[in-house]
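Understanding the architecture of this molecule
Listed below, chain by chain, are the residues.
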Amino acid sequence: MRPSLLQSASELLVHYARFHRDQRNIATHMIGVPMIVFGVGVMLARATVWPGDPGLSLAWLVWGLSTLWYVSRGHLGIGLAVSLANAALIGLAHLASGGSIAHWLTWGLGFFLVGWIVQFVGHYYEGKKPAFVDDLTGLLVGPMFIAAEGLFALGLARPMAREIERRAGPTMLRDLAHPMG
């Protein structure tokens, strides 16, 4: 079943986790996803919602809308964790978006592209295509997944971690000499 933007955090994370069980893939996502969020933030930081008014950037508007979505998925702790992490990245993105157009594009596009490369390396280890290939919902779920993984590593949100592992399987290190079918 394809994920829907209206599904719960549990359903979305289980679906996403099915594409992310190799520990090396998860590790690359812990680096690549924040790089992508930061890169998008840099690219959107210069655009303002109301032309001529520097008060609200498009980056903060997108952050606000995504925060409403994250906290409404039925797991407030994960929703707040991903929203706070994204807020920090957007704040840093605004700092990096100043200067010349070349500076702005280098930071924005550079982080965006390198973040994707890091993730594709992870999917080599996984032996599966990225989740977003089948459904763009995965682009929103990626930050939620790494926030959840961070909480799990801290011993938090254990019921959600157990549910994901029960339904998507345990994490592992895939043997690259014997690819999955």
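The next subject is the overall build of the protein. Of regular secondary structure, the protein possesses seven helices and zero strands. For the protein, the succession of helices and strands along the chain, N to C, is α-α-α-α-α-α-α. For 181 residues, the compact-globule estimate of 2.2 N^0.38 gives 16 Å, and the protein sits close to it at 17 Å. Within the span of the protein, comprising 181 residues, buried residues form 43% of the whole. Taking all contacts inside the protein whose residues are at least 6 apart in sequence as the whole, residues at least 24 apart take part in 77%. Per element, the accessible surface of the protein, about 9,300 Å² overall, is 72% carbon and sulfur.

Before going further, it helps to examine the environment of asparagine 86. Within the secondary structure layout, asparagine 86 lies in helix α4 (residues 76-96). Counting along the chain gives 26 residues from asparagine 86 to tryptophan 60, while the straight-line C-alpha distance between them is 10.0 Å.

Let us now look at the environment of isoleucine 31. Position of isoleucine 31 among the secondary structure elements: in helix α2 (residues 23-45). Residues isoleucine 31 and isoleucine 146 lie 115 residues apart in sequence; the distance between their C-alpha atoms is 9.2 Å.

Counting through the fold element by element, lysine 129 comes out in the loop between α5 (101-126) and α6 (137-153). Here the alpha-carbon distance between lysine 129 and histidine 20, two residues 109 residues apart in the chain, equals 9.7 Å.

A few words on the nonpolar core. Core analysis: the biggest nonpolar cluster contains 32 residues, and Leu13, Met144, Met160 and Ile164 have the highest contact counts within it. Looking at this core, the elements with two or more residues in it are α1 (9-17), α2, α3 (58-71), α4, α6 and α7 (158-168). Looking at which element gives the most residues to this core, the answer is α6, with eight residues. In this view, methionine 144 contacts Ala9, Leu12, Leu13, Trp69, Tyr70, Ile78 and Val82; residues no more than four positions away in its chain are not counted.

Turning our attention to the confidence of the model for the protein. Per-residue pLDDT for the protein has a mean of 89; in total, 93% of the residues score no lower than 70. Least confident of the elements in the protein is α5, whose mean pLDDT is 92; most confident is α4, at 97.

Packing of α3 against α6 leaves a shortest axis separation of 12 Å and a crossing angle of 70°. Looking at the two axes, α3 sits roughly perpendicular to α6. Judged by the twist between their axes, the crossing of α3 over α6 is right-handed. Where α3 abuts α6, its residues Ser66, Trp69 and Tyr70 lie against Leu140, Val141, Pro143 and Met144. Counted by class, the contact of α3 with α6 contains six nonpolar, one polar and no charged residues.

Here the focus is a nonpolar patch on the surface. A cluster of nonpolar side chains, namely Leu58, Leu61, Val62, Leu65 and Leu68, defines an oily patch on the protein surface of about 410 Å² accessible area. Secondary-structure assignment places leucine 68 in helix α3. With a relative accessible area of 56%, leucine 68 lands in the exposed category.

Below, the discussion takes up the packing of aromatic side chains. Applying the stated criterion across every chain, the model contains nine aromatic pairs. Taking 5.0 Å as the distance between ring centres and 50° as the angle between the ring planes, the aromatic pair formed by tyrosine 16 and phenylalanine 145 counts as tilted. Here tyrosine 16, found in helix α1, pairs with phenylalanine 145, found in helix α6; they are 129 residues apart in sequence, far enough to count as distant. Overall, phenylalanine 145 belongs to the buried group, its relative accessible area being 1%. Where tryptophan 69 meets tyrosine 70, the ring centres are 5.2 Å apart and the plane angle is 65°; that geometry is what we call edge-to-face. No difference in accessibility class separates tryptophan 69 from tyrosine 70, as the two residues are buried. Put simply, the rings of Phe38, Trp107 and Phe111 touch in pairs and so form one group of aromatic residues.

Reading guide: rules and limits
Residues numbered from 1 in each chain as written. Predicted model: local features only at pLDDT ≥ 70, side-chain atom pairs only at ≥ 80, totals over all residues. Heavy atoms only, no water. Helix = DSSP H or I, 4+ residues; strand = E, 2+ residues; numbered from the N terminus. Rg over C-alpha atoms; globule rule 2.2 N^0.38 Å. Buried < 20%, exposed > 50% of the residue type's maximum accessible area, 1.4 Å probe, protein only. Contact = heavy atoms within 4.5 Å. Areas by Shrake-Rupley, 256 points an atom, 1.4 Å probe, with all protein chains shown as cover. Core = buried A, V, L, I, M, F, W, Y, C linked by side-chain atoms within 4.5 Å. pLDDT = per-residue confidence, 0-100. Axes fitted to C-alpha atoms, helices over the stretch in contact; angles between N-to-C directions. Parallel < 35°, antiparallel > 145°, perpendicular 65-115°, else oblique. Left-handed = near helix turned anticlockwise from the far one by under 90°. Nonpolar A, V, L, I, M, F, W, Y, C, P; charged D, E, K, R; others polar. Patch = residues over 30% accessible without salt bridge, like charges linked within 9 Å, V, L, I, M, F, W, Y side chains within 5 Å. Salt bridge = Lys/Arg side-chain N within 4 Å of Asp/Glu carboxyl O. Phe/Tyr/Trp six-rings, centres within 6.5 Å; stacked < 30°, edge-to-face > 60°.

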